[in-house]
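# A structural walkthrough
Here is how the chains run, residue by residue.
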Amino acid sequence: MGTPVNIIVGSHVWVEDPEIAWIDGQVSKINGKEVEIQATNGKKVVANLSRIYPKDVEAPAGGVDDMTKLSYLHEPGVLQNLKIRYELNEIYTYTGNILIAINPFQRLPHIYDAHMMQQYKGAPFGELSPHVFAVADVAYRAMINEGKSNSILVSGESGAGKTETTKMLMRYLAFLGGRVATEGRTVEQQVLESNPVLEAFGNAKTVRNNNSSRFGKFVEIQFDKQGRISGAAIRTYLLERSRVCQISDPERNYHCFYLLCAAPQEEIEKYKLGNPKSFHYLNQTNCYELVGVSDAHDYLATRRAMDIVGISAKEQEAIFRVVAAILHLGNIEFTKGKEVDSSVPKDDKAKFHLKMTAELLMCDMNALEDALCKRVMITPEEIIKRSLDPQSAAVSRDGLAKTIYSRLFDWLVDKINNSIGQDANSKSLIGVLDIYGFESFKTNSFEQFCINFTNEKLQQHFNQHVFKMEQEEYTKEEIDWSYIEFVDNQDVLDLIERKPGGIVALLDEACMFPKSTHETFANRLYQTFKNHKRFIKPKLSRTDFTIAHYAGEVLYQSDQFLDKNKDYVVPEHQDLLGVSKCSFVAGLFPPLKEETSKSSKFSSIGSRFKLQLQQLMETLNSTEPHYIRCVKPNNLLKPAIFENVNIMQQLRCGGVLEAIRISMAGYPTRKPFFEFTNRFGLLAPEALEGNYDEKVACKKILEKKGLKGFQIGKTKVFLRAGQMAELDARRAEVLSNAAKTIQRRIRTHQAQKQFIALRKATIVVQSIWRGRLACKRFENMKREAAAVKIQKHTRRHHARKTYNSLHYSVLVLQTGLRAMVARKQFRFRKQTKAAIIIQAWWRCYKAASYYKKLKRGSIVTQCRWRGRIAKRELRKLKMASRETGALKEAKDKLEKHVEELTWRLQLEKRLRTDLEEAKAQEVTKLQNSLQEMQSKVDETNALLVKEREAVKKAIEEAPPVIKETQVLVEDTEKINSLKAEVEGLKDLLNSEKERADDYEKKYNEAQESSAQRGKKLEEAEKKVQHFQESLTRLEEKLTNLESENQVLRQQAVSMAPNKFLSGRSRSIIQRGGESGHYGGEAKPTVDLHSASLNQRDSSELEDKPQKSLNEKQQENQELLIRCIAQHLGFAGNRPIAACIIYKCLLQWRSFEVERTSVFDRIIQTIGNAIETQDNNDILAYWLSNASTLLLLLQRTLKASGAAGMTPQRRRSSSATLFGRMTQSFRGTPQGVNLSMINGGMSGGVDSLRQVEAKYPALLFKQQLTAYVEKIYGMIRDNLKKEISPLLGLCIQAPRTSRASLVKGSSRSVGNTEAQKALIAHWQGIVKSLGNFLNTLKANHVPPFLVRKVFTQIFSFINVQLFNSLLLRRECCSFSNGEYVKAGLAELEHWCYKATDEYAGSSWDELKHIRQAIGFLVIHQKPKKTLDEISHDLCPVLSIQQLYRISTMYWDDKYGTHSVSTDVISNMRVLMTEDSNNAVSNSFLLDDDSSIPFSVDDLSKSMEQIDIADIEPPPLIRENSGFSFLLPRSD
């Protein structure tokens, strides 16, 4: 607290004001103990010196986020800080580890979204801006780390936002540890879903809030060993039962009554309900509806919520039947009966409601009437039935209504708890206490007594916690705190709950005596506590009493204390409803235990509540508490209104000011060393000039000023109350003396300057005056000359005027005469012209009449002549008509001729068709005959050869020439016969050859003609097929390929490699089955050139070769997979594995087959290789290979119509292995000339023709694309994980650097090594980026992908740094801006060294943090306009972001201020206009983790790859099956 010695003239102080609590001003005069203050609102205030408090003029413009950082921790300082932050939409503020939450009365979705929850997850408490998430995070981390349960106590008055705060706490706890529970709903969801039910039956409209909770709620959220939510339970305390029967204007009863009255019509008719005005329990007030709330809609919402929490339809019907019964019960009025002190229902209306109540509760109507109007008294002698008077009957009726409603509410709570489910094995829990705050109204009854008793108990717990936190702070800083006194309220608690002799005990004692009244109870209180300092007896009342609570004195009216404290169940009510035919109603009134019913029928609400409170305190004491104090800024429930007096009262009731008193008892002012030296270093300049440690410098400053009682901790200076003000007064004195010296020098300078200016001015005046005299003399001379000139011009003017008048008169006379002559001539000409016109018209008339007569005569003549000619023509036509029959016959002949021509044309077509068929048959016959002739020729030639050999043998074997003559003759004859036979055979051969030639010519001609026709037919078919295929391709490409693309990529990434293999193999087998690969029997024909052989599979010819080739191909594939599983390295900048895979697939024609497993094997190998996600070297190696292979596939494969849609179309011989081999032997392949792969590939990939890929190849390409994207994402995320810890250290300068910045004005600049140490974290990031770039370069990752990686990494750095800057006020300082700016310079230098080839536009991604830091370090911010800031300095930042930076900025180096208040106001206006846009309201940035490129982008960015000279690895180099991989010499 301030002391008189601290206040001097000129001090800025706070003084009390009855209207706005506190006003600030400046001390203008001090007269002893009286102080005159000039307030900022213009008033002059005189106050006592002990009642004013010093004001911190150097407090940050945006306030402080933790009020323990305030230089002056007192009521006006706290209030002003909260007001400043509330005006900036900063609704959360810390006081140590206590969170103060001010209700904004408007939606602020951007501070509660998932991104904000992620920011607070795991963040140290106090590092980010104050938030309810931070409190929940601390509680959760403490529970996980220490294994101890935690509790969060949310308090505040109605409308302060306790329920909403509780919802946010549970949302965040579910975000941290939520898991799916039964039926797909989390425990947190079930707890929140139960809120509408509890609000419908436990909330009501009060004076201060339309949805006020009229019960206390403690939600226990249970966690398992893994920190996941495993169960929950809801405990409720002290439902306000009296509200069921008694309400005051303008409040309402519980919501459920109004909801039922607004139910659908069939429900209203079933329960015989009507307008709420017709029910006694609802019409005691004039408020029936809430503005902007539909009770009918809320009724349906409540029914849905009941369904969700597991309340069956039958139970719901019973619940609302009970609610309707309570309404009817309240309308039962009583009047005096025939007997003395008896009562009966007043009229038919009362009887109707009595009947409806009995029907709804399913009990006997007469029994209900007896239970309300009579009492049974049991004495030892007999049972007496006593009648009740109408007033007692009404009290009995209200008691029954309250009992039924309270038991219904308890049943709902139990049902909700059973629905949510509790974890019996849970060892840890976080409890969220949402309980009513301290209440003090004009009329305070038993409910307010219990509520304030609860708050006293909680305040004691709060005080102990605050004191404990103070002790922990002092222990942490290692200072002496043994003499600090602790403020306790145990005396008030003893006054209320002590046994015996407490107020609750006396109340219970009074309730047990039938003759006790509230007056006797009040007198007993007066006698018992007449000397108690906390108990006050009012002077003007005999039954009221006052208790001095921690938050102030409260006057209680004891009129209804006894009635409201009694909680016994009337036996008649218990017996009546216990046997109800409705099982639900009977379950609400279970039979009492026999000993209980015999021993006592009385139960005290106060005692039961005290027991519940004791259990609650035991629970809280077993947990680590955390406090949230909710504050309602105004009673209008509107945003942007801050009522000082109202808030001060709430701070007092919430115990915040009590916590301040505890702090004031110790060391309320705590300053870090660097802040203390920065502020008070001028009091002892020698302490800063010497090379002292900050701690020593602080101690020297304090010792020099002679202060006592302060403490020096490890990191802070702790000052006693008043010492801060004294230091500020000394500081102000030093600054004042310095200012006087400066003023004296400046005034001397100004006086000298003024004299010199005056002398110069005198000389100037003299020279001006002399000039003025000369000007006057010159003016006179000018006037004389002007007068002479004027006279001359005047005389000339008169002479000229006389001449002009004479000249004008002559002209007028001449004009008149000439006009007379002209008129005469005009009349003569006019008459002449008229005569000529008349003559002309007459002559025209005569000529026209003659012409008409001549024309009429000509027409008559022409008509007669034409008639004569027409008669002649008529005679000719009559003659011609006789010849019509002949014309008809000619027409018939022509028609017959046309039909005959048509028939001939059809016949010609048919003959042509038959001819073609005959030619085809003839061709076939010719071919057959040709083959037969060929076989005959071959046989003849064979016979000829045999005969010649036989002749030779005969000649050789001939006998000697003894029988020469005879043998010679025989031989000669034989030879001649043979020669003749040979000649005959030759002739026959020649004739056969001629016939064969003729046949061959005919065959060739027929073949040529058939070939031409076939070509034409094939061309036509090809065109048709081409058009059909192109049409279907274009249609399906747009719809199917993109969806298939995405699905296959997702499958490729999400599936395990073995799943790829099995799933895709099945699909391929199915496709193969559809396309007819299995079970097809081919019929071999003789004609090898027939096209039918190419269209069918010949199983007899293919089985054996295909089997052997398949085995060989499997071996080759296995060898390839083993080979690529090794690290093959690179050839130049080309990955060997990708090139080898591509060349093998191309050689094996794997792209053109409809089923193969090699693609699955390759994908499985890649998947196995990248399972170790942490090894960036392996990931980079496979990213390079996968992207290169994808590029080759992108430029080679094209989707064929058959492959893309239906594989059974366009079967060719190349679809099977035997077909491919025969085709390769016959000629050029369909796809790529393999001879070009090894030899002539100098032109690169583009020189190859594209391959029509089948479905497996396209699927392989999609899977490869997915793996490129997956590996890219893994590499990017690894780098993010590596630099994330460093980013948290880079946003805030180390403390040593801050201290050096503070002392920079008086000390030398640190050396370069110190500067390097300051940016060590930034250099760590730069080092990580450099190492990462080297890894990518070493593995020849395409520069395009490298640029994309670093662009996203720099975007991630931008998001993390910028969000941290906006969430941590200590980062928004000038010196911190300089620190971050130096770090950004390191990143810029790295980008420059990395070159644009690899860094790309990475530096531009830091635009948000660069502009924000640029704003922090600019000078003269108050002179900047909003236009300059938003368009020149920070064009990228939104208004919300600029507003937050501007309000959080503080200059810890030069003490300058942020932007002007006008700029802040303009920003706030723009934000209000744009408040409906949820996106624009969010000032945080989101990190983009998408894949920023497509296959086409990658293909366009990469250069052509020459794979001709790639050397195969040793494993497959010697294998003959891979000989095609060897580069050729030519």
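Residues numbered from 1 in each chain as written. Predicted model: local features only at pLDDT ≥ 70, side-chain atom pairs only at ≥ 80, totals over all residues. Heavy atoms only, no water.

## A closer look at the pattern of salt bridges
Here the structure, examined in full by the defined rule, presents 31 salt bridges. One salt bridge in this structure joins Lys270 and Glu317, with 4.0 Å as the shortest N-O distance. Of this pair, Lys270 sits in helix H7 (residues 265-271) while Glu317 is found in helix H9 (residues 313-330), placing the two residues 47 residues apart along the sequence. Among the ionic pairs, Asp398 bridges to Arg397, the shortest N-O distance being 3.1 Å. (Salt bridge = Lys/Arg side-chain N within 4 Å of Asp/Glu carboxyl O. Helix = DSSP H or I, 4+ residues; strand = E, 2+ residues; numbered from the N terminus.)

## A look at the nonpolar core
Counting 244 residues, the largest nonpolar core has Phe201, Phe257, Ile628, Phe1151 and Leu1387 as the members making the most contacts within it. Looking at this core element by element, the count peaks at 15 residues for helix H43 (residues 1343-1367). Apart from residues lying up to four places away in sequence, Phe1151 is in contact with Tyr1142, Leu1145, Leu1146, Phe1159, Leu1193, Leu1197, Val1251, Glu1252, Ala1253, Lys1254 and Ala1257. Judged by nonpolar contacts, the second largest core, of 50 residues, contains Ile435, Ala510, Phe561 and Phe609. (Core = buried A, V, L, I, M, F, W, Y, C linked by side-chain atoms within 4.5 Å. Buried < 20%, exposed > 50% of the residue type's maximum accessible area, 1.4 Å probe, protein only. Contact = heavy atoms within 4.5 Å.)

## Observations concerning a positive patch on the surface
A surface patch of like charges, here positive, comprises Arg868, Lys871, Arg872, Arg875 and Lys876. Locating Lys876 in the fold gives a position in helix H27 (residues 723-881). Assessed through its relative accessible area of 56%, Lys876 is described here as exposed. (Patch = residues over 30% accessible without salt bridge, like charges linked within 9 Å, V, L, I, M, F, W, Y side chains within 5 Å. Areas by Shrake-Rupley, 256 points an atom, 1.4 Å probe, with all protein chains shown as cover. Lys, Arg positive; Asp, Glu negative; His and termini not counted. Charge placed at Lys NZ, Arg CZ, Asp CG, Glu CD.)

## Quick notes on the packing of aromatic side chains
What describes a pair of aromatic rings is the distance from one ring centre to the other and the angle between the planes of the rings. Scanning all chains against the criterion turns up 39 aromatic pairs. When the ring of Tyr172 is compared with that of Phe175, the centres are 6.1 Å apart and the planes differ by 35°; the resulting orientation is tilted. Pair noted here: Tyr172 and Phe175 are both in helix H4 (residues 162-177), with a separation of 3 residues, about one helical turn. On the basis of relative accessibility, which here comes to 28%, the residue Phe175 falls in the partly exposed class. The structure contains a cluster of three or more aromatic residues connected by ring pairs, namely Phe446, Phe449, Phe521, Tyr526, Phe529, Phe535, Phe545, Tyr556 and Phe561. The lysine or arginine in question, Lys55, covers the ring of Trp14, its NZ or CZ lying 5.4 Å from the ring centre. Over the ring of Tyr258 we find Arg252; its NZ or CZ atom is 3.9 Å from the centre of that ring. (Phe/Tyr/Trp six-rings, centres within 6.5 Å; stacked < 30°, edge-to-face > 60°. Lys NZ or Arg CZ within 6 Å of the ring centre and 35° of its normal.)

## Some details on the pairing of strand E19 (residues 544-549)
The two faces of a sheet get side chains in turn, since along a regular strand they alternate between them. By the criterion of burial, E19 is predominantly enclosed, with 6 of the 6 residues buried. Residues Asp544, Thr546 and Ala548 line one face of E19 and the alternating positions Phe545, Ile547 and His549 line the opposite face, and both faces are buried. Direction of pairing for strand E18 (residues 535-536) relative to E19: antiparallel, over a ladder of 2 bridges. Residue pairing for E19: Phe535 is matched across the bridge by Ile547. Bridge count between E19 and strand E20 (residues 552-557): 6 bridges; the pairing is antiparallel. Paired with His549 across the two strands is Gly552, which belongs to E20. Taken together, E19 and the strand that follows it, E20, pair antiparallel across an intervening segment of 2 residues. (Pairing = 2+ DSSP bridges.)

## A closer look at the sheet that holds E20
Strand pairing in a sheet is mediated by backbone hydrogen bonds. Such pairs are either parallel or antiparallel. If you walk across this open sheet you meet the 3 strands as E18-E19-E20, and the pairing is antiparallel. Only two strands of the sheet have a single partner each, and these edge strands are E18 and E20. The sheet contacts of helix H14 (residues 490-497) involve E18 and E19, and relative to E19 the element is tilted by about 150°. (Axes fitted to C-alpha atoms, helices over the stretch in contact; angles between N-to-C directions.)

## Focus on the sheet that holds strand E22 (residues 669-672)
The sheet built from 3 strands is open, its strands ordered E22-E24-E23 with antiparallel pairing. Two strands lie at the open edges of the sheet, namely E22 and strand E23 (711-712), each paired on one side alone. Two elements, E23 and strand E24 (residues 716-719), share 2 bridges in a ladder whose sense is antiparallel. Across the sheet, Ile712 pairs through a bridge with Val717, a residue of E24.

## A short note on a negative patch on the surface
The grouping of Glu889, Asp892, Glu895 and Glu899 at the surface amounts to a negative patch. Structurally, the position occupied by Glu895 is in helix H28 (residues 884-956).

## Digging into the confidence of the model for the protein
Confidence in the prediction of the protein, expressed as mean pLDDT, is 80, and 85% of residues score 70 or more. When the criterion is pLDDT under 50, residues 1-5 qualifies, and its contacts beyond four places in sequence or with other chains add up to 7 contacts. Below pLDDT 50 for its whole length, residues 961-969 participates in 1 contact with residues either more than four positions away or in separate chains. (pLDDT = per-residue confidence, 0-100.)

## Focus: the packing of helix H11 (residues 365-373) against helix H18 (residues 571-578)
The description of two packed helices rests on the angle between their axes and on the distance between the axes. Between H11 and H18, the shortest axis-to-axis distance is 9 Å and the interhelical angle comes to 165°. When the interaxial angle is binned, H11 and H18 end up roughly antiparallel. Crossing geometry of H11 relative to H18 is assigned as left-handed. Note on element contacts: H18 touches H11 through Glu572, His573 and Leu576, opposite Ala367, Leu368, Ala371 and Leu372. Of the residues assigned to the contact of H11 with H18, the class counts are 5 nonpolar, 1 polar and 1 charged. (Parallel < 35°, antiparallel > 145°, perpendicular 65-115°, else oblique. Left-handed = near helix turned anticlockwise from the far one by under 90°. Nonpolar A, V, L, I, M, F, W, Y, C, P; charged D, E, K, R; others polar.)

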